[in-house]
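Below, each chain spelled out in residue letters.
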Amino acid sequence: MILALLLAAAPAPIELSRVVPAKPDAVWAAWTTSAGTKTFFAPDAKVEAKPGGAYEQYFVPSLPLGQRGSEGCTVVSADPGKKLVFTWNFPPSLPKLRDARVLTHVAITLTAEGGGTKVQLSHFGFPEGADSEKGRAYFDRAWGHVLARLERSFRRGPIDWKYTWV
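Notes on the structure in this doc start here. None of the values given here were measured: they were computed from a predicted structure.

A few words on helix H5 (residues 130-156). The end-to-end C-alpha separation of H5 is 39 Å, in line with the 39 Å expected for 27 residues at 1.5 Å each. Taken residue by residue, H5 has Asp-131, Ser-132, Gly-135, Arg-136, Phe-139, Trp-143, Val-146, Leu-147, Leu-150, Glu-151 and Ser-153 as its buried positions. Those residues of H5 hidden inside the fold are in contact with strand S1 (14-20), helix H2 (24-32), strand S5 (83-89), helix H4 (95-99), strand S6 (103-113) and strand S7 (116-124). In the segment just after H5, Gly-157 is the residue with positive phi, at about 110°.

Okay, here's the thing in C-alpha cells:
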C-alpha cells in the first residue's frame, strides 16, 4: 500500500541554483521585464511584473498563437529584487497537458552572494502521471540551459537569438 502511494506521488519539484555575476537589482530586471528576458530567456516576451500580469516567453514567435511558448502564463507574486513566482505551462511536445492548460509554478529567488547574485529556481506543482513525468524531465534540462544563458548574458552580453547554438 505504501509503495503504491509512493509510486503514484506527483513528481518532485525541480530545484536549481546558479551564481550570476551581477547585482540582485540587475538580475531582477532580467527576469521581470520583457527587454530583460529577451537577453537570455526567449527571443520575444510579454512580462508585467505584478500579480496577475503576463509572464509570456515566446520561444518561437513565428509559430501560431498558442504554440509560441508560455502564452497565458502569469505572475503570481513579485517581491522586487528578491522573489518572483509565475505560472508555467507544458511544451507543445506534451499536447494533453498543454491543451488542457495544466499549469505549474516557478519561483525565482535572488540573494546577494559575493559580488554577484545567487539565483535559486524552484519549479513545482507537477500533477501525477506519465506525461507530467516527461514534462518534469524536459524542464529539468531546460531550466539548466536558461540559467546558463542568464549567467552568460551577464558575462558576455545578450543572447543573439539568430545564433543560439554558439
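What follows covers the packing of aromatic side chains. All chains considered together, the criterion is met by 14 aromatic pairs. For the pair Phe-40 and Phe-41, a centre-to-centre distance of 5.6 Å together with 25° between the ring planes defines the contact as stacked. Neither Phe-40 nor Phe-41 differs from the other in exposure class; each is buried. Every member of this aromatic cluster is reached through a ring pair, and the members are Trp-31, Phe-40, Phe-41, Tyr-55, Phe-59, Phe-86, Trp-88, Phe-90, Phe-126, Tyr-138, Phe-139 and Trp-143.

Looking now at the packing of H2 against H5. To describe two helices that pack against each other, one gives the angle between their axes and the distance between the axes. For the pair H2 and H5, the least separation of the axes is 12 Å and the interaxial angle reads 125°. Viewed along their axes, H2 and H5 adopt a mutual orientation that is oblique. In this structure, H2 crosses over H5, and the sense of that crossing is right-handed. In contact with Ala-26, Val-27, Ala-30 and Trp-31 of H2, H5 contributes Val-146, Leu-147, Leu-150 and Phe-154.

Basis of the calculations
Residues numbered from 1 in each chain as written. Predicted model: local features only at pLDDT ≥ 70, side-chain atom pairs only at ≥ 80, totals over all residues. Heavy atoms only, no water. Helix = DSSP H or I, 4+ residues; strand = E, 2+ residues; numbered from the N terminus. Expected span 1.5 Å × (residues − 1). Buried < 20%, exposed > 50% of the residue type's maximum accessible area, 1.4 Å probe, protein only. Contact = heavy atoms within 4.5 Å. Phe/Tyr/Trp six-rings, centres within 6.5 Å; stacked < 30°, edge-to-face > 60°. Axes fitted to C-alpha atoms, helices over the stretch in contact; angles between N-to-C directions. Parallel < 35°, antiparallel > 145°, perpendicular 65-115°, else oblique. Left-handed = near helix turned anticlockwise from the far one by under 90°.

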